[in-house]
Each structure stands twice: as structure tokens, then as C-alpha cells.
Amino acid sequence: MPNTDDYIGVVISDVARLLRTEFDRRVRRLGITRAQWLVLTRLHRHPGASLSELAEMMEVEKATAGRMIDRLVANGWVARRTQRDDRRVKRVYLTPEAERVHKRIWRVAEATVEDALTGLSAQESRQLMTLLQRIKKTLVSAVDAVPPGRTVVAGRRAASRGARGLNGKAAP
């Protein structure tokens, strides 16, 4: 079995987990939980999302998202508004207080990433961003191309990786 520490998927996953862990530690001082900052960030990027849309973005059940929103409403951070053309649909928006909290969270996020990238030059940081954006674009296209309820068989695109294997290293 190959060393999983050399597998690019594991490294990307580990880096993402470590960034979240460090960010969580830093925002805890602001009195915010991971679930709360995730909701605030999603709503900042997608104001007026419905409960169903928010649940999908957060990869949780609708009932779970509803409880999160209930707590944020109680804190005065989000407001529910009825959709004009369909009164059954409630849209969720950040309040001005939540926008201020989000700005503080964003500063913490920027500092966390900046600290994580300390060992890279400005050029290396830009290159990393460019490469990650290309990977993201590829994955978004793949996800968008698969109809709901269908799965993709692993290994079908192995030849398209050219001379590189899954670990990002040149194939023997």
C-alpha cells in the first residue's frame, strides 16, 4: 500500500482540515462556533438563500439547517423574509450586526491563511492559488456534468492525467 502522506488528495484534505482547526481556534475568541461561521459565510456569499439552498450548501439536512437559522435569528444575526411570489418559501439574510461579525471573521480568515502561507514566496502563493482554482474548476465541471442520482465510476479518467499519477508525481 502506498504512503498516504504522499497522496495529493490526503495532503489537500489535511491542509483544509488544519486551516479549519486553526481558524476555529481563532474565532472561538469572538464567541462564534464553526456552524455559525459557516452559515454566516454562506449567506454573505448567497444573500437570500432559502433554507433548502442553505442546507444543500452546508451539506446538512434541512431540519439541521433550520435549527442553525433559529439560533442565528435568536442572536439577531439573520432574518427570515417571505418570498413575494411564493409565501411558502422563506429567504434568509444577514442582519447589519452579522455583516459586522462577518467582517471580523474575514479578517481572522485572512490572517490564518497568511500565517499558513508564511513559508511561501509571493510567486509561490500566486502559483498555488492558480493551480487550486484550476483543480476547483475541473471538479465543478465534473460535478455539474453528472445528473442527480448518478455516480461516476472511479478510474475512468486515469489516462487523462497524462504522465502524472494520483499523487501528483510523474508516473514510472
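Draft legend 1. Spotlight on the packing of aromatic side chains. Tallied over the full model, the rule gives one aromatic pair. With a centroid separation of 4.5 Å and an interplanar angle of 80°, the aromatic rings of Phe23 and Trp37 are classed as edge-to-face. With Phe23 in helix 1 (residues 8-27) and Trp37 in helix 2 (residues 34-45), this residue pair connects regions lying 14 residues apart in the sequence. Owing to a relative accessible area of 7%, Phe23 belongs among the buried residues under this scheme. Directly above the aromatic system of Tyr93 lies the positively charged group of Arg81, at a separation of 4.1 Å from the ring centroid.

Draft legend 2. Structural context of the pattern of salt bridges. What the rule picks out here adds up to nine salt bridges. We note a salt bridge from Asp14 to Arg17, for which the minimum N-O separation is 3.7 Å. Within this pair, Asp14 and its partner Arg17 are both found in helix 1, separated by three residues, close to a single helical turn. Owing to a relative accessible area of 28%, Asp14 belongs among the partly exposed residues under this scheme. Within this structure, Glu22, Arg25, Arg26 and Asp115 form a network of salt bridges that share partners.

Draft legend 3. Region of interest: the confidence of the model for the protein. Overall, the predicted model of the protein reaches an average pLDDT of 85, with 84% of residues at or above 70. Counted against residues more than four places away or in other chains, residues 155-167, with its pLDDT under 50, gives 13 contacts.

Draft legend 4. Geometry of a nonpolar patch on the surface. Together, Ile8, Ile12, Leu120, Leu128, Leu132, Ile135 and Leu139 make up a nonpolar patch on the protein surface, roughly 540 Å² of accessible area in all. Counting residues per element, the ones that place at least two in the nonpolar patch are helix 1 and helix 6 (122-145). Sorting elements by how many residues they give to the nonpolar patch places helix 6 first, with four residues. Looking at the element boundaries, Leu139 is found in helix 6.

So, how was this worked out
- Residue indices follow the written sequence of each chain, beginning from 1 at its first position.
- Residue-level local features of this predicted model are given only where pLDDT is at least 70; pairs of side-chain atoms are given and counted only at 80 or more, and the full residue set underlies all totals for whole chains, interfaces and linings.
- The side-chain figures draw on all heavy atoms in the structure; neither hydrogens nor water molecules are used.
- The criterion for an aromatic pair is that two Phe, Tyr or Trp rings (for Trp, the six-membered ring) have centres within 6.5 Å, with stacked assigned to planes under 30 degrees apart, edge-to-face to planes over 60 apart and tilted to the rest.
- Working definition: helices are DSSP H or I runs of at least four residues, strands are E runs of at least two. Numbering for both runs from the N terminus.
- Only protein chains enter the accessibility calculation, which uses a 1.4 Å probe; a residue is then buried when its area is under 20% of its type maximum, exposed when over 50%, and partly exposed in between.
- Charge-over-ring placement is defined geometrically: NZ (Lys) or CZ (Arg) within 6 Å of the ring centre, and within 35 degrees of the ring normal.
- Each salt bridge in this description consists of a side-chain nitrogen of Lys or Arg and a carboxyl oxygen of Asp or Glu lying within 4 Å of one another.
- As a per-residue measure, pLDDT tells how confident the predictor is, with possible values from 0 to 100.
- Contact between two residues is taken to exist if any of their heavy atoms lie within 4.5 Å; hydrogens are not considered.
- Only residues whose relative accessible area exceeds 30% and that take part in no salt bridge are eligible for patches, with like-charged residues grouped when within 9 Å of each other and nonpolar side chains (Val, Leu, Ile, Met, Phe, Trp, Tyr) grouped when within 5 Å.
- All accessible areas in this document rest on Shrake-Rupley with a 1.4 Å probe, and a residue is counted as covered only by the protein chains that are shown.

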